[in-house]
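Here is how the chains run, residue by residue.
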Amino acid sequence: MTRSETTSRRRLLASLGVGMATAAAGCTGSDALGGDPSYESGNVGPINASNASSRNASEMSTASSLAQQQPTNSVTPLDSLELVEHEFVLEDGYLGSTVQGTVTNTGADRLQIVEVRTRIYNDAGNLLGRYLASTGDLGAGDAWEFQVVILEAPSDVADYDITVLGTPS
């Protein structure tokens, strides 16, 4: 190798190293971004037996098409997202078990994506499923009323936990 080729190779490797370090720094949580989400506990409470029937096949098909279970990889915990309230709600018909609530963007900037994630547990504390709801373009100071459709039968659900994540614009 000539000296010119060696210098070019070193510059290329150095620039790649700087680029990788910069990318890694962006993923470590600077500016209130990144890190693992912290989940807040939710309480299912007593379930009214008259509303606790399981969905029929047609209702389950509809609920399955509405239930979101694939999380977005581009979301992260953000200080500007506030989970104002949430509760387990048993709806009639195809909706059945849901978690509903409100998220507010308390920051000064619009958020590109906001995602509420829930984890559902049975009486023994075993994880039954993960479900989510998402929205786009949540402006500064705006609130979003979410509804997470859960596919588990109401009688199987004992507890849940919840978190909110987002992607800045």
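This text goes with the structure placed above it.
Since this is a predicted model, take the numbers as computed values, not measurements.

S.K.: Would you take a moment to explain the pairing of strand β2 (residues 81-90) for this structure?
M.R.: Every other side chain in a regular strand lies on the same face of the sheet, so the side chains alternate between the two faces. The pairing of β2 with strand β3 (residues 97-105) spans 9 bridges and is antiparallel. Paired with Leu-81 across the two strands is Asn-105, which belongs to β3. The hairpin turn running from β2 into β3, its antiparallel successor, is 6 residues long, and Gly-93 in that turn takes a positive phi close to 70°.

S.K.: For this particular structure, what's the right way to read the sheet that holds strand β4 (residues 111-121)?
M.R.: Hydrogen bonds between backbone atoms are what pair the strands of a sheet, whose relative direction is either parallel or antiparallel. Taken in spatial order, the 4 strands line up as β1-β7-β4-β5 in an open sheet, and their pairing is antiparallel. Of all strands in the sheet, those with a lone pairing partner are β1 (40-43) and β5 (127-138), marking the two edges. Each neighbouring strand pair of the sheet contributes to a mean axis angle of 25°, computed without reference to strand direction. Here β4 pairs with β5 via 10 bridges, running antiparallel. What sits directly across from Val-116, in β5, is Ala-133.

S.K.: What am I meant to see in the pattern of salt bridges here?
M.R.: Pairing between side chains of opposite charge can happen when their charged atoms approach one another. Within the structure shown, the criterion is met by 3 salt bridges. One salt bridge connects Arg-117 with Glu-115, and the closest N-O pair in it is separated by 2.6 Å. This pair shows no difference in class: Arg-117 is buried, exactly as Glu-115 is.

Thresholds, definitions, all that
- Residues numbered from 1 in each chain as written.
- Predicted model: local features only at pLDDT ≥ 70, side-chain atom pairs only at ≥ 80, totals over all residues.
- Heavy atoms only, no water.
- Pairing = 2+ DSSP bridges.
- Helix = DSSP H or I, 4+ residues; strand = E, 2+ residues; numbered from the N terminus.
- Axes fitted to C-alpha atoms, helices over the stretch in contact; angles between N-to-C directions.
- Salt bridge = Lys/Arg side-chain N within 4 Å of Asp/Glu carboxyl O.
- Buried < 20%, exposed > 50% of the residue type's maximum accessible area, 1.4 Å probe, protein only.

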